[in-house]
Amino acid sequence: LATHNDEVIVPRVCLTRDGNDITTIKSEAGNTHYVRLLSYLPGTFLGDIDPARHSLALMEKLGCFLGALDKTLESFHHPALYKYLDWDLKNTADLEDSLGDIADHQVRNLAHYGILQFKTHVLPQMAKLPMAVIHNDANDFHVLVDDDRKHVVGLIDFGDMVHTFRICEVAIAITYAIHGKANPLEVATRILQGYNQKHPLNESELDVLFYFICARLSSTLVLSAR
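Just so it is clear, the model here is predicted, and its values are computed rather than measured.

As a further point, take the pattern of salt bridges. Throughout the structure, instances matching the rule amount to 7 salt bridges. In this structure, E60 engages R190 in a salt bridge whose closest nitrogen and oxygen atoms are separated by 2.8 Å. In this pair, E60 sits in helix α1 (residues 56-72) while R190 sits in helix α4 (residues 184-198), placing the two residues 130 residues apart along the sequence. Here R226 and D86 are joined by a salt bridge, their closest N and O atoms 2.9 Å apart. Here the residue R226 occupies a position in the segment after α5 (203-225), and D86 occupies one in the loop between α1 and α2 (105-121), the gap between them amounting to 140 residues. Look at R226 and you get partly exposed, because its relative accessible area is 47%.

As structure tokens, this is what we get:
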């Protein structure tokens, strides 16, 4: 990302004196730990700002940032990205077996409904959906903005990065961005507009966007309970 698009600001890996991107240290207890160092990104987490102060213009810029990110990642491939991940939304239907981990029956029923909607409306359409390498977790505590809350200035934590449906990137961002908003549809629309400016989505993706947002909410409930 740093090599191919200087507008997409992400942490850089700092190499060791030996030129490695990861190393090991031994603790006082004798345990061996893998250690790496990443560069620091200045900014304020979106989640630390009152949702009422998230402007629609900022939401559009969030969409632009993610669209540029995914467009840049089109040329990136790595074997580790083709893995099974519980947080990969294409695996949402598999979480149905873990619904019993949610103690509150009303919450459990809500999560189950979201999963059933996914199975009904998304599974039959999967063959039509473009695949891509995505960040996969653009939540409000991974997105950094400037002090004036006018620009997205960075994105951290690529630990859930995966090769999956491209539409998941937008769906996940919208899921968190609409939380606490009085105008969730406007927020979702502006994120979508921003993403489309950099990396246009197709009709098949737009048709299932709503169900992917519900899938993220349901998977969060299930996996948190687990």
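A few words on unusual backbone geometry. In this structure, N136 is a non-glycine residue whose phi angle is positive, near 80°. On the secondary structure map, N136 appears in the loop between β6 (131-134) and β7 (143-145). Note on N136: relative accessible area 0%, which makes it buried. The backbone phi angle of D157 is positive, close to 65°, even though this residue is not glycine. When you line up the elements, D157 lands in the loop between β8 (152-155) and β9 (162-165). Exposure remark for D157: the relative accessible area of 41% places this residue in the partly exposed category.

In total, this model carries 1 cavity of 30 Å³ or more according to the counting rule given. Approximately 40 Å³ is the volume attributed to the largest cavity. The wall of the largest cavity is formed by L46, L62, A138, N139, D140, A173, Y176 and A177. Counting residues per element, the lining of the largest cavity draws most heavily on helix α3 (residues 167-177), at 3 residues. Split by residue class, the lining of the largest cavity holds 6 nonpolar, 1 polar and 1 charged.

Right, let's get into the packing of aromatic side chains. What the rule picks out here adds up to 4 aromatic pairs. With 5.6 Å between their ring centres and 80° between their planes, F118 and F212 make a pair best called edge-to-face. Note that F118 is positioned in helix α2 and F212 in helix α5, a separation of 94 residues in sequence. Summarising the aromatic geometry, the rings of F210 and Y211 are spaced 5.4 Å apart at their centres and angled 80° between planes, so their arrangement reads as edge-to-face. Accessibility expressed as a relative area gives 52% for F210, which makes it exposed.

In this section: the layout of surface pockets. In this structure, the largest pocket occupies an estimated 890 Å³ of space. Around the largest pocket, the lining is made up of 25 residues, and of these P11, V13, F76, F158 and M161 lie nearest the centre.

A separate point is α4. The end-to-end C-alpha separation of α4 is 22 Å, in line with the 21 Å expected for 15 residues at 1.5 Å each. Those residues of α4 that fall on the buried side of the exposure criterion are V187, A188, I191, L192, G194 and Y195. Burial along α4 is one-sided: seen end-on, the buried residues are contained in an arc of 160°. The inward-facing, buried residues of α4 abut α1, α3 and α5.

Criteria and thresholds
- Residues numbered from 1 in each chain as written.
- Predicted model: local features only at pLDDT ≥ 70, side-chain atom pairs only at ≥ 80, totals over all residues.
- Heavy atoms only, no water.
- Salt bridge = Lys/Arg side-chain N within 4 Å of Asp/Glu carboxyl O.
- Helix = DSSP H or I, 4+ residues; strand = E, 2+ residues; numbered from the N terminus.
- Buried < 20%, exposed > 50% of the residue type's maximum accessible area, 1.4 Å probe, protein only.
- 1 Å grid on protein atoms, 1.4 Å probe; cavity = no way out; pocket = protein on both sides within 12 Å on 5 of 7 lines; lining within 4 Å.
- Points joined across faces, edges and corners; volume = space filled by probe spheres on them.
- Nonpolar A, V, L, I, M, F, W, Y, C, P; charged D, E, K, R; others polar.
- Phe/Tyr/Trp six-rings, centres within 6.5 Å; stacked < 30°, edge-to-face > 60°.
- Expected span 1.5 Å × (residues − 1).
- Arc of directions from axis to C-beta.
- Contact = heavy atoms within 4.5 Å.

Take it as geometry only, folks, not as evidence of what the structure does.
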